[in-house]
Number of protein chains: 2
Amino acid sequence: MSFTIPSPDVAFYESARARQDQLIKPTGALGRLEDIACWFAARQRRTIPSALTPGITVFAADHGVAQHNVSAYPASVTQAMLSTLSNGQAAIAVLARDINAMYAVVDVGVAGEPSKTQNIHNERIATGTADLSTQAAMTIAQAEQAIAIGRQHATQMINGGADLLIAGEVGIGNTTSAACLIAATTQLDAGVLVGNGTGLDAKGRAHKLTIVRRALSRVASTQTLSSIQLLSELGGFEIAAMTGYYLQASSMGVPVLLDGYISTAAALLATRIEPMTREWMLAAHQSAELGHALALEHLRLRPLFNLNMRLGEGSGAAIAVPLIQTALRLHREMATFAEAGVPGA
Amino acid sequence: MSFTIPSPDVAFYESARARQDQLIKPTGALGRLEDIACWFAARQRRTIPSALTPGITVFAADHGVAQHNVSAYPASVTQAMLSTLSNGQAAIAVLARDINAMYAVVDVGVAGEPSKTQNIHNERIATGTADLSTQAAMTIAQAEQAIAIGRQHATQMINGGADLLIAGEVGIGNTTSAACLIAATTQLDAGVLVGNGTGLDAKGRAHKLTIVRRALSRVASTQTLSSIQLLSELGGFEIAAMTGYYLQASSMGVPVLLDGYISTAAALLATRIEPMTREWMLAAHQSAELGHALALEHLRLRPLFNLNMRLGEGSGAAIAVPLIQTALRLHREMATFAEAGVPGA
């Protein structure tokens, strides 16, 4: 797997910065809003970036490891959530309306029968992964298929007009898979990476940590694993799809806005496959899930805010979109000192 | 001066919290967005608060102390900014459009001739305050007049339909006045409260600190000053107007969203006059101005984000509005577990 990732254009970053320095405000007074405007200038290759059309794709899948009670919710929730994602009842569906996003829901491998609900893309690889604590979660071929599905959906969003992509997920058990992947990619100890997920108590978390350590020791003896091998051993279909989604968006020169813990695990894999992918990533928020801050630090990404959220679905990323749109609007619509006839410093 | 400030209704806070616990997400997973929804429920006195109509009033005034070069910008900027506030070129004017806010600009005492620009409320008390480092910035009567102007404009916004008020300000030299007021109300040392304002260098800041200490020592010998006396000695017309604005909004049971350093100085005075005012205040952001974090702490208010902004005008507050609207929308539009037929934990 090889991707050519374009570089952001530093010249447009600089010209946007020069514009910011001329807008009627003290230099730097808009703080990170100024940085955001310059960041998008470098990626849209214009001094004054346009308003964004966000595209949100939510990937849903089940996890064999959920049979070990690593989540506060039963595995059947994944299937039940599918219809709420497509009929507008779930948080991310409300948020997609709120920010006028293009929106798609993709079943990449939920357990049970395919949902009869309309508007769900059926791309089911299997009815959930195998139990990653005892065997590979999926075959190499399945991991490649999941990545290809993610790539295809990123392409679809971009061809449809989206120029800021958000990947969301639903999948009971997926913080366990994500913890394994974050541990394997960052070399951090699982003890600082395994959190309470949907709401485990201390005992539940301790049990989840045992399961994560078991999975990690299962693959520890193997020589350094490729990223596809890591996804195959420890991943989930939705996480592999998100990895492909990020790779494809970056290769097409379209920024992605990261969400929380699961999203960041996929981002770590995407950058492991192609480090330049990181240049197209913006971290929306720091989640309350233990280990998310460390994972973002490893990516050298600084989140915009911390609202103690831990929902997933892409919700934290969607909430950052109005802030980003506002940063771009200020950059576009504020007058310069010269235009306004205001004396400078 | 005496105000009757209504109490938020705890019963609606609780019923909103009960609703949050039934929405299809792990309990607490929306973090501070859940708290925001419950906070507004208690103040709108309904379990499901409606979308907000924000009202932004920007108060502009000049400061005699500006003659000591306590700002990186010349005092003439205040006058020049007036037209950019009313013709849509200034940051807060862009933001007001962005969030569909009701919007008013009030000249409470800018130096020079009254602006010929339309849409500016002329409520000029004087052509700037006196130099607070050597004498009282304004008379008691002027402080009372400024408070009355602020109250009147809050009433006007609320009668016009606004149910979330934001006070903004423009006034070269006003971080010096605000620093004096914050020091006097919190008893914190000026050394931790005086920042770089619009962009002073270290030497400029040291000079500003000297001026602030001079003003504070001028009033230190007097016995405990009333809040009106403090405003008269150390205030600015716009800060006194904002104090009145906050008091009036609270007395009418309408929440206010605080902005940065100047706004928080006015908030400290409003709560010193009537402590219950605090129950109607929400802190939008933590500004980059030294001392703002301490001032918010003194108010026991926790900002929603820190984007390293230090512009004033009400800009930090305006930027928080979409986030708040989104929190309320999720509370209104997400389905409950029962409605969605999703199994709970």
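Residues numbered from 1 in each chain as written. Chains lettered and ligands numbered in written order. Predicted model: local features only at pLDDT ≥ 70, side-chain atom pairs only at ≥ 80, totals over all residues. Heavy atoms only, no water.

## Notes on the pairing of strand β4 (residues 164-170) of chain B
Residue and element names in this part refer to chain B. A large share of β4 lies buried, amounting to seven of its seven residues. Taking every second residue as pointing to the same face, both faces of β4 are buried, with Leu164, Ile166, Gly168 and Val170 on one and Leu165, Ala167 and Glu169 on the other. Both strand β1 (residues 54-61) and β4 contribute to a ladder of seven bridges, which runs parallel. In the sheet register, Val58 faces β4, and the bridge partner there is Gly168. (Buried < 20%, exposed > 50% of the residue type's maximum accessible area, 1.4 Å probe, protein only. Helix = DSSP H or I, 4+ residues; strand = E, 2+ residues; numbered from the N terminus. Pairing = 2+ DSSP bridges.)

## Considerations on the nonpolar core
Judged by nonpolar contacts, the single largest core of 116 residues is most densely connected at A:Leu33, A:Leu257, B:Leu33 and B:Leu257. Residues contacting B:Leu257, with those up to four places away along its chain left out, are B:Leu164, B:Leu165, B:Ile166, B:Leu282, B:Ala284, B:Ala317, B:Ala320, B:Val321 and B:Ile324. (Core = buried A, V, L, I, M, F, W, Y, C linked by side-chain atoms within 4.5 Å. Contact = heavy atoms within 4.5 Å.)

## A word on the side chain of A:Arg278
Residue and element names in this part refer to chain A. Following the sequence through the fold, Arg278 ends up in the loop between α10 (261-273) and β6 (281-283). What makes Arg278 buried here is its relative accessible area of 17%. Residues contacting Arg278, with those up to four places away along its chain left out, are Thr271, Leu299, Arg300 and Leu301.

## What to know about the packing of aromatic side chains
In the structure shown here, the tally under the stated rule is eight aromatic pairs over all chains. Seen from their ring centres, B:Phe59 and B:Tyr245 are 5.5 Å apart, and the 80° between their planes marks the pair as edge-to-face. Of the two residues, B:Phe59 is situated in strand β1 and B:Tyr245 in helix α9 (residues 237-251); the sequence distance between them amounts to 186 residues. Take B:Phe59: its relative accessible area is 0%, and that puts it in the buried class. On the accessibility criterion, B:Tyr245 (0% relative accessible area) is buried. Positioned over the ring face of A:Trp39 is A:Arg43, at 3.9 Å from the centre of the ring. Looking at B:Arg43, its charged tip hangs above the ring of B:Trp280, at a distance of 5.8 Å from the centre. (Phe/Tyr/Trp six-rings, centres within 6.5 Å; stacked < 30°, edge-to-face > 60°. Lys NZ or Arg CZ within 6 Å of the ring centre and 35° of its normal.)

## Points about the interface of chain A and chain B
Contacts between chain A and chain B engage 52 residues on the former and 52 residues on the latter. Taking both sides of the interface into account, the surface hidden between chain A and chain B amounts to around 4300 Å²; carbon and sulfur atoms contribute 68%. On the chain A side of the contact with chain B, A:Tyr73, A:Gln89 and A:Leu307 bury the most area, a combined 13% of that side's loss. Counting every contact that joins chain A to chain B gives four salt bridges. Linking A:Asp98 and B:Arg329 is a salt bridge whose minimum nitrogen-to-oxygen distance equals 3.1 Å. Where chain A packs against chain B, one counts 14 residue pairs in polar contact (both at pLDDT 80 or more). Among the elements of the structure, α2 (32-44), α3 (76-86), α4 (91-98), α12 (315-333) and α13 (337-340) of chain A are those that each provide at least two residues to the side of chain A that touches chain B. Broken down by element, the residue count for the side of chain A that touches chain B peaks at seven residues, all from α12(A). (Buried area = accessible area lost by both parts, 1.4 Å probe. Salt bridge = Lys/Arg side-chain N within 4 Å of Asp/Glu carboxyl O. Polar contact = N/O pair within 3.5 Å; in protein donor to acceptor, adjacent residues only side chain to side chain.)

## A short note on the environment of A:Glu34
All names here are of chain A. Tracing the backbone shows Glu34 in helix α2. With relative accessibility at 2%, the residue Glu34 sits in the buried group. Taking C-alpha positions, Glu34 is 6.7 Å from Gln20, a pair spaced 14 residues apart along the chain. Contact partners of Glu34, with chain neighbours within four places excluded, come to Arg17, Gln20, Lys25, Pro26, Gly28 and Ala29. One polar contact links the side chain of Glu34 to the main-chain amide nitrogen of Leu30, over a distance of 3.0 Å.

## Comments concerning the relation of the copies chain A and chain B
Rotating chain A by 180° and translating it 0.0 Å along the rotation axis places it on chain B, where the RMSD comes to 0.0 Å. What the superposition gives is, in effect, a two-fold axis relating one chain to the other. Taking C-alpha positions as the reference, the residue of chain A nearest the rotation axis is A:Phe305, at 2.8 Å. Both copies present the same face, since 100% of the interface residues in chain A are matched by interface residues at the equivalent positions in chain B. (Least-squares fit on C-alpha atoms with pLDDT ≥ 70 in both.)

## Here we look at helix α1 (residues 10-22) of chain A
Residue and element names in this part refer to chain A. Along its 13 residues, α1 runs 19 Å from first to last C-alpha, staying within 8% of the 18 Å computed at 1.5 Å per residue. Considered for burial, the residues of α1 that qualify are Ala16, Arg17, Arg19 and Gln20. All buried residues of α1 lie within an arc of 160° about the axis, which places them on one face of the element. Facing away from the buried surface of α1 by more than 90 degrees, the exposed residues are Val10 and Ala11. (Expected span 1.5 Å × (residues − 1). Arc of directions from axis to C-beta.)

## Remarks on the domain arrangement of chain A
All names here are of chain A. Looking at the assigned domains, one finds that chain A contains domain 1 (10-50 + 329-340) and domain 2 (54-322). Taking the mean C-alpha position of each, domain 1 and domain 2 sit 33 Å from one another. Contacts between the two partners involve six residues from domain 1 and, on the opposite side, eleven residues from domain 2. Between domain 1 and domain 2, the buried area comes to about 820 Å², and carbon and sulfur atoms account for 62% of it. Here domain 1 and domain 2 share one salt bridge between them. Here Glu279 ties to Arg43 by a salt bridge, and the two come within 3.6 Å at their closest N and O atoms. Joining domain 1 to domain 2, the criterion identifies three residue pairs in polar contact (both at pLDDT 80 or more). Its residues placed into classes, the side of domain 1 that touches domain 2 shows three nonpolar, one polar and two charged. (Domains from an automatic or database assignment. Nonpolar A, V, L, I, M, F, W, Y, C, P; charged D, E, K, R; others polar.)

## Let's talk about the pattern of salt bridges
Under the definition given, this model contains 26 salt bridges over all chains. Residue A:Arg17 is joined to A:Glu34 by a salt bridge in which the shortest nitrogen-to-oxygen separation is 3.6 Å. With A:Arg17 in helix α1 and A:Glu34 in helix α2, the pair connects residues that are 17 residues apart, well separated along the chain. For the pair A:Arg17 and A:Glu34, a shared accessibility class is recorded, and that class is buried. Between B:Glu333 and A:Arg97 there is a salt bridge, with the nearest N and O atoms lying 2.7 Å from each other. Of this pair, B:Glu333 sits in helix α12 (residues 315-333) while A:Arg97 is found in helix α4, placing the two residues in two different chains. With relative accessibility at 29%, the residue B:Glu333 sits in the partly exposed group. Each of A:Arg17, A:Lys25, A:Glu34 and A:Asp35 takes part in salt bridges that share partners, so that together they form one network.

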